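Topology and contacts: notes
Take a look at the letters that make up each chain.
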Amino acid sequence: MSDWDWEYHEWNPQEEKLRETLCTLGNGYFATRGAREETSIAPDRYAGTYLGGGFNRAETLIQGKIIENEDLVNWPDWTSLSIRLNGGDWFSMDKVEILKFHQQLDMERGFLKRSVLFRTQGLETELITKRFVSMANPHIAGISWSVTSLNWEGEMEVKSMIDGSVMNHGVARYRQLNGKHLEILDSGIVTEDSTYILARTLQSQITMAIVARTRAYEKNDFLPLERRNFQEKERVGQLLKFKCRKQHTLCIEKIVTIFTSNDFAISHPLLAAKKLSSGCRTFKQLLHEHLDQWKFLWDRFNISLKEMKEENKILRLHIFHLLQTVSHNSIGRDVSVPSRGLHGEAYRGHIFWDETFIFPFIYYRMPELARSLLMYRYRRLDEARRLACEEGLSGAMFPWQSGSDGREESQVLHLNPESGNWIPDHTHRQRHINGAIVYNIHKYFQVTNDREFISLYGAEIILEIAQFWVDLAQFNPIKERYEIRGVVGPDEFHTKYPEVECLGLNNNAYTNYMASWSIRRALEILEALAVTRRLELLDRVNVTEGDLVTWEHVSRNIFIPFINNELISQFEGYENLQDFNWDKYRAMYVDLQRLDRILEAEGDSVNRYKINKQGDVLMLFYLFGQEELIDGLKWMGYDFRPEFVSKNIQYYLNHSSSGSSLSRIVHAWVLARSDRKNSWSVFQEALRSDIVDIQGGTTSEGIHLGAMSGTVDIVQRCFTGMEMNQGVLWFNPQLPLELKGIELVLRYHGHWLTVKVDHENLRISIDRSWELEGKLGFKGEIYKFQEGSSFNFKLKEEKARPLKPDDSSFATV
């Protein structure tokens, strides 16, 4: 069994929707779930095709209120294809006797293959299906069915269709909401073997054209056949009829071309789709071009774990799905990274803070893509300014959930499936998203040294966010500190104080630290900018030199709450909440991840207890590490000592329900240096969380892309101890004892490196360079290198050096 193949060896309808998600194919432009082609509507099938940036708004009346939501739209199903033998029923997996079944997701080459040996009415037939969504040309996808009649001969019919009757019904708890997003403008015949459909979203007016060409072959020759076209209200297709001979294999190919009104350099989507379709070659030729492009991607993105076949395979599955969501085909498009990929409709395709967990893997391999994704935020800077203004604040306040235009897309109500109640949702008060955006820009610059981006775009975002933080922080003369009140932290369980009507919490430690840190980065970048650009930006954001003095004062004096001077308090008053009876609830419930839903169903509230969906405070150690966090708190006037670190980590691990898919990523990381055995165990859980659907049905609604990417980043940066600091790429490997070795390629500051590490050696070779010189750091020493240089560093585990802190300064821009 290859560690490049994700396989299923038996047909299991109960797992089908999970498999559809995990077998999704995409190219960074659009993606299609791995639903079987032959069935239109079934409880165990949900076909979904999703376009990056393809959003639409719809209204629903809920409890007497008009609720408006923006969704990532499910576009027409282009995959629909079926056969029937000798006038029998149309083929469906649930209507035939399955004699043999095998499904293979070939991750190395990017296609989905299914082999079915079935019997119906005594006719035994072998069906082999293949599907790809082209990485070589993002507007092309294809399906091939090879059908072999084993014990019969006679007539076969093929139905090939584009189904525009689809809706957004992929998430059960959203089904009371309006899922109708499309109208069919036109459909018809292009040529003898091709049909088309033209669909448009009802509110956003995005138009998509799909042209489908269906042909039948025996070997390389066209089959003589009858062909009939059909059009229904929202469907269009063709019926093909031809003769089959016993023990002969016939091939049906369906090639589709897809364009939308969001595309560049076209006059109309339908004209573009027809034009491309007319020149498309065969399935085999198009697949070959697609395979070449996947080889290009894997040469840059592959990570190998030595002698760990199963973990290797899962890690590659995670990388595979990241690249299907965003790839070189995404560069230049107005898209970011939906937290659930382009794999389903959970979270409505919105963009959250998951990019903080996703971007590091991209920075070090395809910085052009990272830059393009960061531009999504820059294009919505004016909307962020408007949101801040609505709150009576200066600067820019980015929303917790973002979609098409950058307004706040967080839901007003959400359905608790445990109780059936619609509950007010206050998680939009997670202002910490703004700190994450600054962090992502800062990290991007550290790894790439892209001065043009920082000067033209990044600096302006950082300055406007800093101005927002300064205005949001209010001075408390009793504490002689600045406070940030009325917010929600990453924990999300706690959205207000118990027995209090007003929303939000005061002085969330993570939010306050990110505010201080963001302001410091803004001041540093101003010092690094050329004088003329500095003056231009200060004028543009309406900030004076005198204001900058205030900025530094605020940054140094933001309040961080503590419990007994050693534990960072998640928020002010956290220690006054009730202890939670974990033993009682573990005896009552199998799964405690979503205690918020369980307690609400009991008439209680999670706001009353010291329990966390995910640890806010742990995020500080995850993002900054021990040394930098201690230095940062010292700069703010807090005496936080190394011996306090383990106490904080254990305290918040003990209070976490791990209700977020990101929890285990953070937990595995913060334990990596102090408790390697436990860290490896948690990492294993994180690695398998989607493939075993650890949250009980949520993966069928879309992958958890932040968690998938986070596992890759743990291998890439945490286990290798890799960090940037003042232009030097530092390494301090400390592999888990169970892990024999790692091999990866990466790019930083225009240098391409191959890194191999095991428990005894760290080997680094510089394969190519665009710059004359680079710098590596190991055990306190800095080593200069050029293209062709190689290093072999000896590791002594007992003298492992702590991680280098992140660089907190910008070079001159």
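Residues numbered from 1 in each chain as written. Predicted model: local features only at pLDDT ≥ 70, side-chain atom pairs only at ≥ 80, totals over all residues. Heavy atoms only, no water.

This part is about the overall build of the protein chain. Per the secondary structure count, the protein chain includes 19 helices and 34 strands. Computed over the C-alpha atoms, the radius of gyration of the protein chain is 28 Å, within 12% of the 28 Å expected from 2.2 N^0.38 for a compact globule of 813 residues. Of all 813 residues assigned to the protein chain, the portion counted as buried reaches 64%. Looking at the protein chain alone, contacts between residues at least 24 apart form 68% of all its contacts between residues at least 6 apart. When the accessible surface of the protein chain is totalled, it reaches about 30400 Å², and 47% of it is carbon and sulfur. Of the side-chain charges in the protein chain, 97 are positive and 111 negative, and the distance between the mean point of each set is 4 Å. (Helix = DSSP H or I, 4+ residues; strand = E, 2+ residues; numbered from the N terminus. Rg over C-alpha atoms; globule rule 2.2 N^0.38 Å. Buried < 20%, exposed > 50% of the residue type's maximum accessible area, 1.4 Å probe, protein only. Contact = heavy atoms within 4.5 Å. Areas by Shrake-Rupley, 256 points an atom, 1.4 Å probe, with all protein chains shown as cover. Lys, Arg positive; Asp, Glu negative; His and termini not counted. Charge placed at Lys NZ, Arg CZ, Asp CG, Glu CD.)

Two faces, one strand: in a regular strand the side chains alternate between the faces of the sheet. Within strand E5 (residues 55–62), six of the eight residues are buried, which leaves the element mostly enclosed by the surrounding structure. Of the strand pairs in this sheet, E5 and strand E6 (residues 65–72) are connected by eight bridges, and their pairing is antiparallel. Within the sheet, the bridge partner assigned to threonine 60 lies in E6 and is isoleucine 67. (Pairing = 2+ DSSP bridges.)

With that settled, consider the side chain of asparagine 648. With respect to the helices and strands, asparagine 648 occurs in helix H16 (residues 645–654). For asparagine 648, the side chain forms a polar contact with the main-chain nitrogen of isoleucine 568, separated by 2.8 Å. With residues near it in sequence (within four places) discarded, asparagine 648 still touches Glu566, Leu567, Ile568, Val617, Leu618, Phe621 and Phe640. (Polar contact = N/O pair within 3.5 Å; in protein donor to acceptor, adjacent residues only side chain to side chain.)

Geometry of an aromatic ring pair is reported as the spacing of the ring centres plus the angle between the planes. Enumeration over the complete set of coordinates arrives at 49 aromatic pairs. Centre to centre, the rings of tryptophan 4 and tryptophan 298 are 4.8 Å apart; their planes meet at 80°, and the pair counts as edge-to-face. On the criterion of sequence distance, the pair formed by tryptophan 4 in the segment before strand E1 (5–8) and tryptophan 298 in helix H3 (residues 283–301) is long-range, its members being 294 residues apart. Among the residues examined, tryptophan 4 registers a relative accessible area of 13% and is labelled buried. For tryptophan 298, a relative accessible area of 6% corresponds to the buried category. Taken together, a centroid distance of 5.8 Å and an interplanar angle of 90° make the contact between tyrosine 439 and phenylalanine 624 edge-to-face. Remark: phenylalanine 624 occurs in helix H15 (residues 616–635) and tyrosine 439 occurs in helix H8 (residues 433–448); sequence separation between them is 185 residues. An aromatic cluster is built from Tyr347, Phe352, Trp353, Phe357, Trp400, Tyr510, Tyr622 and Trp669, whose rings are joined through pairwise contacts. Geometry around tyrosine 347 places arginine 340 over its ring, the cationic atom sitting 5.0 Å from the centre. (Phe/Tyr/Trp six-rings, centres within 6.5 Å; stacked < 30°, edge-to-face > 60°. Lys NZ or Arg CZ within 6 Å of the ring centre and 35° of its normal.)

Attention shifts here to the packing of helix H5 (residues 355–363) against H8. Closest axis-to-axis distance for the H5/H8 pair is 10 Å, and the angle between their directions is 10°. Judged by the angle between their axes, H5 and H8 are roughly parallel. For the pair H5 and H8, the contacting residues are Glu355, Thr356, Phe359 and Tyr363 in the first and Ala436, Ile437, Tyr439, Asn440, Lys443, Tyr444, Val447 and Thr448 in the second. Counted by class, the contact of H5 with H8 contains seven nonpolar, three polar and two charged residues. (Axes fitted to C-alpha atoms, helices over the stretch in contact; angles between N-to-C directions. Parallel < 35°, antiparallel > 145°, perpendicular 65-115°, else oblique. Nonpolar A, V, L, I, M, F, W, Y, C, P; charged D, E, K, R; others polar.)

Okay, the environment of histidine 667 next. With respect to the element layout, histidine 667 can be found in helix H17 (residues 663–671). Spatially, the C-alpha atoms of histidine 667 and tyrosine 652 are 9.7 Å apart, while their sequence positions differ by 15 residues. Those residues in contact with histidine 667, other than ones at most four positions away along the chain, are Leu618, Leu653, Ser656, Ser658 and Val682.

Right, let's talk about helix H10 (residues 509–528) for a bit. Here H10 spans 29 Å end to end across 20 residues, near enough to the 28 Å set by a 1.5 Å rise per residue. Counting buried positions over the 20 residues of H10 gives 18, a clear majority of the element. (Expected span 1.5 Å × (residues − 1).)

A separate point is the state of the cysteines. Considering all chains together, one arrives at zero disulfides under this definition. The thiol of cysteine 251 is unpaired, and the distance to the nearest cysteine sulfur, on cysteine 244, comes to 12 Å. (Disulfide = S-S within 2.5 Å.)

Taken in spatial order, the four strands of this open sheet run E7-E12-E18-E17, and their pairing is antiparallel. Each edge of the open sheet carries a strand with a single partner, namely strand E7 (81–85) and strand E17 (226–231). Each strand of the sheet is rotated relative to its neighbour by a mean of 20°, with strand direction disregarded. Where strand E12 (residues 154–163) and strand E18 (residues 235–244) come together, ten bridges link them in antiparallel fashion. Looking across to E18, one finds that isoleucine 162 is bridged to valine 236.

Moving on to the sheet that holds strand E4 (residues 49–51). Pairing in this open sheet of three strands is antiparallel, and the strands run E2-E3-E4 from one edge to the other. Since the sheet does not close on itself, it has two edges, and those belong to strand E2 (25–26) and E4, each with one partner. The pairing of E2 with strand E3 (residues 30–32) spans two bridges and is antiparallel. Looking across to E3, one finds that leucine 25 is bridged to threonine 32.

Let us now look at the nonpolar core. Phe242, Ile303, Trp353, Trp551, Phe719, Leu729 and Ile742 are the most contacted members of the largest nonpolar core, which has 217 residues in total. Within the second largest apolar cluster, eleven residues are counted, among which are Phe493, Leu595, Ile598 and Tyr609. (Core = buried A, V, L, I, M, F, W, Y, C linked by side-chain atoms within 4.5 Å.)

On to the confidence of the model for the protein chain. A residue-level look at the protein chain finds 98% of positions with pLDDT of 70 or above and a mean pLDDT of 94. Within the model, pLDDT remains below 50 along residues 798–813, and this stretch shows 60 contacts once partners closer than five positions in the same chain are excluded. (pLDDT = per-residue confidence, 0-100.)

The final tally for this structure, using the stated rule, is 64 salt bridges. Here arginine 386 ties to glutamate 390 by a salt bridge, and the two come within 2.1 Å at their closest N and O atoms. Taken together, the positions of arginine 386 and glutamate 390, both in helix H7 (residues 381–390) and four residues apart, correspond to about one turn of that helix. Take arginine 386: its relative accessible area is 36%, and that puts it in the partly exposed class. Using a relative accessible area of 54% as the deciding quantity, one classes glutamate 390 as exposed. As a salt-bridge pair, arginine 556 and glutamate 552 come within 3.3 Å of each other at their nearest N and O atoms. Here the residue arginine 556 and the residue glutamate 552 both occupy positions in helix H12 (residues 545–556), the gap between them amounting to four residues, near one helical turn. Given a relative accessible area of 32%, arginine 556 falls into the partly exposed group. Owing to a relative accessible area of 35%, glutamate 552 belongs among the partly exposed residues under this scheme. Each of Glu16, Arg36, Glu37, Glu38, Asp44, Arg114 and Arg131 takes part in salt bridges that share partners, so that together they form one network. (Salt bridge = Lys/Arg side-chain N within 4 Å of Asp/Glu carboxyl O.)

This paragraph deals with unusual backbone geometry. Despite not being glycine, alanine 265 shows a phi value in the positive range, around 55°. Here alanine 265 lies in the loop between strand E19 (249–260) and helix H2 (269–279). The exposure class assigned to alanine 265 is exposed, which follows from its relative accessible area of 86%. Look at asparagine 565: it is not a glycine, yet its phi comes out positive at around 65°. You can see asparagine 565 is positioned in the loop between strand E25 (562–563) and strand E26 (567–568).

For asparagine 648, a relative accessible area of 0% puts it in the buried group. Linking asparagine 648 and valine 617, residues 31 residues apart in sequence, is a C-alpha distance of 7.8 Å.

Residue pairs spaced three or four apart in an α-helix point in one direction, given the helix's 3.6 residues per turn. Taken as a whole, H7 has its buried residues at Leu381, Glu383, Ala384, Arg385, Leu387 and Ala388. At its buried positions, H7 is contacted by helix H6 (367–379), helix H9 (451–472) and helix H11 (531–540). One or two positions beyond H7, positive phi appears at glycine 392, with a value near 75°.

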